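# Understanding the architecture of this molecule
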Amino acid sequence: MQDNTLRRITLAAVIASVVLVATMFLKVPTLTGYVHLGDGVIFAASLALGPTLGGLSAAIGSTLADILSAYAMWAPWTFFIKGGAGVIVGLAGNARTHRSHIAGMIAAAVWIIIGVRAVRPELLGAVTGRNPREHSSDRLRHSHRDGARPGPQAVGRQRR
């Protein structure tokens with residue numbers, strides 16, 4: 001019994017390291033971050049290992065990739081987003097039908113997209129010091145104490 005548990009934990013650690021490598025080194029930069037093969041490893045591993053070890057290896061591997069890359073501010077969020085994706089796919093893997101596997105991977109992809117989209121404005125606001133959900137005209141309007149309309153010097157430089 002203990003031998004099997006040790007093997008499963010070791011396998012989860014190896015999968016976490018494969019997720020780390022696939023996320024850090026097999027990526028294509030984009031304007032908003034990067035696209036990587038780590039999610040494919042997460043999906044395959046979660047189907048094979050189940051929700052607990054699949055989710056744990058996904059969370060640890062992806063979080064370590066963020067910490068070791070230039071994306072350390074994403075690490076706490078990545079732990080829950082990618083770990084949740086691993087759990088979703090792992091639960092679908094218990095059904096043993098191809099349709100449920102595909103449905104689980106689609107659900108996990110939607111989970112990742114929603115999680116990243118929900119967190120991105122908050123992280124950008126923390127980095128820039130502004131509220132990214134506030135429109136620039138709102139900032140201009142609320143920047144005056146007396147509520148008077150700003151003059152041209154407050155809006156921007158006039159052409160000379």
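As a reminder, the structure under discussion sits directly above these lines.
The rules behind the values
Throughout, a residue's number is its position along its own chain's written sequence, starting from 1. Restriction of local features to residues with pLDDT of at least 70 applies here, the model being predicted, together with a cutoff of 80 or more for giving and counting side-chain atom pairs; totals for whole chains, interfaces and linings are based on all residues. To obtain the side-chain values, all non-hydrogen atoms of the structure were used and water was disregarded. Segments assigned H or I by DSSP are reported as helices when at least four residues long, segments assigned E as strands when at least two residues long, and all are numbered from the N terminus. A 1.4 Å probe rolled over the protein chains alone gives each residue an accessible area, and that area as a share of the maximum for its type sets the label: buried under 20%, exposed over 50%, partly exposed in between. Here the open area of atoms and residues is found with the Shrake-Rupley method and a 1.4 Å probe, where only the protein chains shown may cover a residue. The aromatic pairing rule takes the rings of Phe, Tyr and Trp, using the six-membered ring of Trp, and pairs them if the centres are within 6.5 Å, calling planes under 30 degrees apart stacked, those over 60 edge-to-face and the rest tilted. Between Lys or Arg on one side and Asp or Glu on the other, a salt bridge is scored when a side-chain nitrogen of the former is within 4 Å of a carboxyl oxygen of the latter. In a helix, the anticipated span is given by 1.5 Å times the number of residues less one. Put simply, a nonpolar core is a bunch of buried Ala, Val, Leu, Ile, Met, Phe, Trp, Tyr and Cys residues held in one set by side-chain atoms that sit within 4.5 Å of each other. We call two residues contacting when some pair of their heavy atoms lies within 4.5 Å. Exposure above 30% relative accessible area and the lack of any salt bridge qualify a residue for a patch; like charges then connect within 9 Å, and the nonpolar side chains Val, Leu, Ile, Met, Phe, Trp and Tyr within 5 Å. Here the rule is simple: two strands pair whenever DSSP picks up at least two bridges between them.

### Remarks on the overall build of the protein
Counting secondary structure elements, the protein contains seven helices and two strands. Along its sequence from the N terminus, the protein presents helices and strands in the succession α-β-β-α-α-α-α-α-α. Per-residue burial for the protein yields a buried fraction of 36% across its 160 residues. A total accessible area of about 10800 Å² is found for the protein, and carbon and sulfur atoms account for 65% of it.

### Some details on the packing of aromatic side chains
Counted under the stated rule, the structure contains one aromatic pair. Taking 5.5 Å as the distance between ring centres and 85 degrees as the angle between the ring planes, the aromatic pair formed by Phe79 and Phe80 counts as edge-to-face. When its relative accessible area of 33% is taken as the criterion, Phe79 is described as partly exposed.

### A word on the pattern of salt bridges
Summed over all chains, the structure comprises one salt bridge. Where Asp39 meets Lys82, a salt bridge forms, and the shortest distance between an N and an O atom there is 2.5 Å. Taken together, the residues span a long stretch of sequence, with Asp39 in helix α2 (residues 38-49) and Lys82 in helix α4 (residues 75-93) at a distance of 43 residues.

### Let's talk about α2
Look at α2: 16 Å from first C-alpha to last across 12 residues, which is about the 16 Å you get at 1.5 Å a residue. By the burial criterion, the buried members of α2 are Gly38, Asp39, Val41, Ile42, Phe43, Ala45, Ser46 and Leu49. Phi turns positive one or two residues past the end of α2, at Gly50, with a value near 95 degrees.

### Comments concerning the nonpolar core
Core analysis: the largest hydrophobic core is formed by 18 residues, its most contacted members being Ile15, Val19, Ile42, Phe43, Ala108 and Ile112. Looking at this core, the elements with two or more residues in it are α1 (2-24), α2, α3 (51-68), α4 and α5 (98-128). Per-element tally for this core: the top contributor is α2, with five residues. Not counting residues up to four positions away in its chain, the partners in contact with Phe43 are Val89, Met105, Ala108, Ala109 and Ile112.

### Regarding a nonpolar patch on the surface
On the surface, a nonpolar cluster with roughly 650 Å² of combined accessible area is contributed by Leu56, Ile60, Leu64, Ile67, Leu68, Phe79 and Phe80. Listed by contribution, the elements that provide at least two residues to the nonpolar patch are α3 and α4. With five residues, the top contributor of residues to the nonpolar patch is α3. Position of Phe79 relative to the elements: it lies in helix α4.

### Concerning the pairing of strand β2 (residues 33-36)
Direction of pairing for strand β1 (residues 27-30) relative to β2: antiparallel, over a ladder of four bridges. Across the sheet, the residue bridging to Val28 is Val35, located in β2. Counted along the chain from β1 to the antiparallel partner β2, the turn is two residues long.

### A few points about unusual backbone geometry
Here Arg96, not a glycine, exhibits a phi torsion of approximately 70 degrees, which is positive. Relative to the elements of secondary structure, Arg96 occurs in the loop between α4 and α5. Exposure remark for Arg96: the relative accessible area of 65% places this residue in the exposed category.

### Things to note about the environment of Arg120
Structurally, Arg120 is set in helix α5. Residues Arg120 and Trp77, 43 residues apart in the sequence, show an inter-C-alpha distance of 9.9 Å.

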